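# Architecture and fold: a report
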Amino acid sequence: EPEVTQTPSHQVTQMGQEVILRCVPISNHLYFYWYRQILGQKVEFLVSFYNNEISEKSEIFDDQFSVERPDGSNFTLKIRSTKLEDSAMYFCASSVDRTGELFFGEGSRLTVL
Amino acid sequence: AQSVTQLDSQVPVFEEAPVELRCNYSSSVSVYLFWYVQYPNQGLQLLLKYLSGSTLVKGINGFEAEFNKSQTSFHLRKPSVHISDTAEYFCAVSERDYKLSFGAGTTVTVRA
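So, here is what we can say about the structure in this document. These numbers were taken from a predicted model, which means no experiment stands behind them. (Residues numbered from 1 in each chain as written. Chains lettered and ligands numbered in written order. Predicted model: local features only at pLDDT ≥ 70, side-chain atom pairs only at ≥ 80, totals over all residues. Heavy atoms only, no water.)

A word on the overall build of chain B. Each helix and strand in chain B was counted, giving 0 helices and 12 strands. Written out in order from the N terminus, the α and β elements of chain B read β-β-β-β-β-β-β-β-β-β-β-β. Compactness check: chain B gives a C-alpha radius of gyration of 13 Å against a globular reference of 13 Å for 112 residues, within 12% of the reference. Oriented by its inertia axes, the alpha-carbon framework of chain B measures out at about 45 × 30 × 20 Å. Within chain B, buried positions represent 47% of all 112 residues. Here the analysis covers contacts within chain B between residues at least 6 apart in sequence; of these, 56% occur between residues at least 24 apart. Summed over all atoms, the accessible surface of chain B reaches about 5,200 Å², with 48% contributed by carbon and sulfur. (Helix = DSSP H or I, 4+ residues; strand = E, 2+ residues; numbered from the N terminus. Rg over C-alpha atoms; globule rule 2.2 N^0.38 Å. Buried < 20%, exposed > 50% of the residue type's maximum accessible area, 1.4 Å probe, protein only. Contact = heavy atoms within 4.5 Å. Areas by Shrake-Rupley, 256 points an atom, 1.4 Å probe, with all protein chains shown as cover.)

This is how it looks when you write it as structure tokens:
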């Protein structure tokens, strides 16, 4: 069964360092997303991406964040200068269309020290 | 904007007993409704969804949910749980687009 894959599963970084989280969405999906879950809190929408551009972003997704689809298969989330409060589980998701049926990856846990 | 409230943060239940997880939402427009499950150290997996049609929705692993528009609820049920159903369950809503709003989650612990 096709699935969304994410790497790394866990990354530890120092505050101020750049981090890139990688995702391979399901191959025939057209919409891509990043969500995050801070420990003990709700899963929150960060950004959606379609047709090689951001469709929508939340207020969490500030100038420190960027997304890219550098080739036909990868979808990346970059945090330019990490802060302690960026520590969270980051979930990549993809969907065929806009009905909201998202398929999630297993998540990348980011720990900022 | 929509919001989701999961009324129970923790639900302990004995094996083979029934379980119900409550979810209420608020939205000013028509919505799609979802239940996701997160097993320990795994990602979010779709259990079931309501897009339109019959208000009783059946999902994987014997789960079902009923959409009640007048009560703005989408409660999840299973008549007989297994140890393997121990997980965190998330109710989510979208206003017919791709942006999901999640509830805080309900941790189900099944005991023998």
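Next, the rest of the story.
Of the residues lining the interface, 18 residues belong to chain A; the matching set on chain B comes to 22 residues. Summing the contributions of chain A and of chain B, the shared interface buries around 1,800 Å²; its carbon and sulfur component is 56%. By the criterion of area lost to chain B, the three top residues of chain A are Lys-42, Arg-98 and Phe-104 of chain A, representing 28% of everything that side buries. The interface formed by chain A and chain B holds 1 salt bridge in total. The residue Lys-99 of chain B makes a salt bridge to Glu-56 of chain A at a minimum N-O spacing of 2.7 Å. Put simply, chain A and chain B have 4 residue pairs in polar contact (both at pLDDT 80 or more) between them. Among the elements of the structure, β4 (31–37), β5 (43–50) and β6 (53–57) of chain A are those that each provide at least two residues to the side of chain A that touches chain B. Residues belonging to the side of chain A that touches chain B are distributed by class as follows: 7 nonpolar, 6 polar and 5 charged. (Buried area = accessible area lost by both parts, 1.4 Å probe. Salt bridge = Lys/Arg side-chain N within 4 Å of Asp/Glu carboxyl O. Polar contact = N/O pair within 3.5 Å; in protein donor to acceptor, adjacent residues only side chain to side chain. Nonpolar A, V, L, I, M, F, W, Y, C, P; charged D, E, K, R; others polar.)

Next up on the list: the state of the cysteines. One pass over the full model with this rule turns up 2 disulfides over all chains. Bridging Cys-23 of chain A to Cys-92 of chain A, the disulfide has an S-S length of 1.9 Å. Disulfide Cys-23 of chain A-Cys-92 of chain A: the torsion about the S-S bond is -65°, which places it as left-handed. You can see Cys-23 of chain A sitting in strand β3 (residues 19–24) and its partner Cys-92 of chain A sitting in strand β9 (residues 88–95), a full 69 residues away along the chain. With a relative accessible area of 0%, Cys-23 of chain A lands in the buried category. Linked covalently through their sulfurs, Cys-23 of chain B and Cys-91 of chain B form a disulfide whose S-S length is 1.9 Å. Handedness here is read from the sign of the S-S torsion; for Cys-23 of chain B and Cys-91 of chain B, about -70°, the answer is left-handed. Of this pair, Cys-23 of chain B sits in strand β4 (residues 23–26) while Cys-91 of chain B sits in strand β10 (residues 87–94), and the two are 68 residues apart along the sequence. (Disulfide = S-S within 2.5 Å.)

Residues and elements named next belong to chain A. Note that Ser-94 resides in strand β9. The class for Ser-94 is buried, based on a relative accessible area of 0%. Engagement of the side chain of Ser-94 in a polar contact is seen with the side chain of His-29, the distance being 2.7 Å. Discounting residues that sit within four places of it in the chain, Ser-94 has contacts with Val-4, Pro-25, Ile-26, His-29, Tyr-31, Phe-32, Tyr-33, Glu-101, Leu-102 and Phe-103.

Any functional reading would require information beyond the geometric quantities listed.
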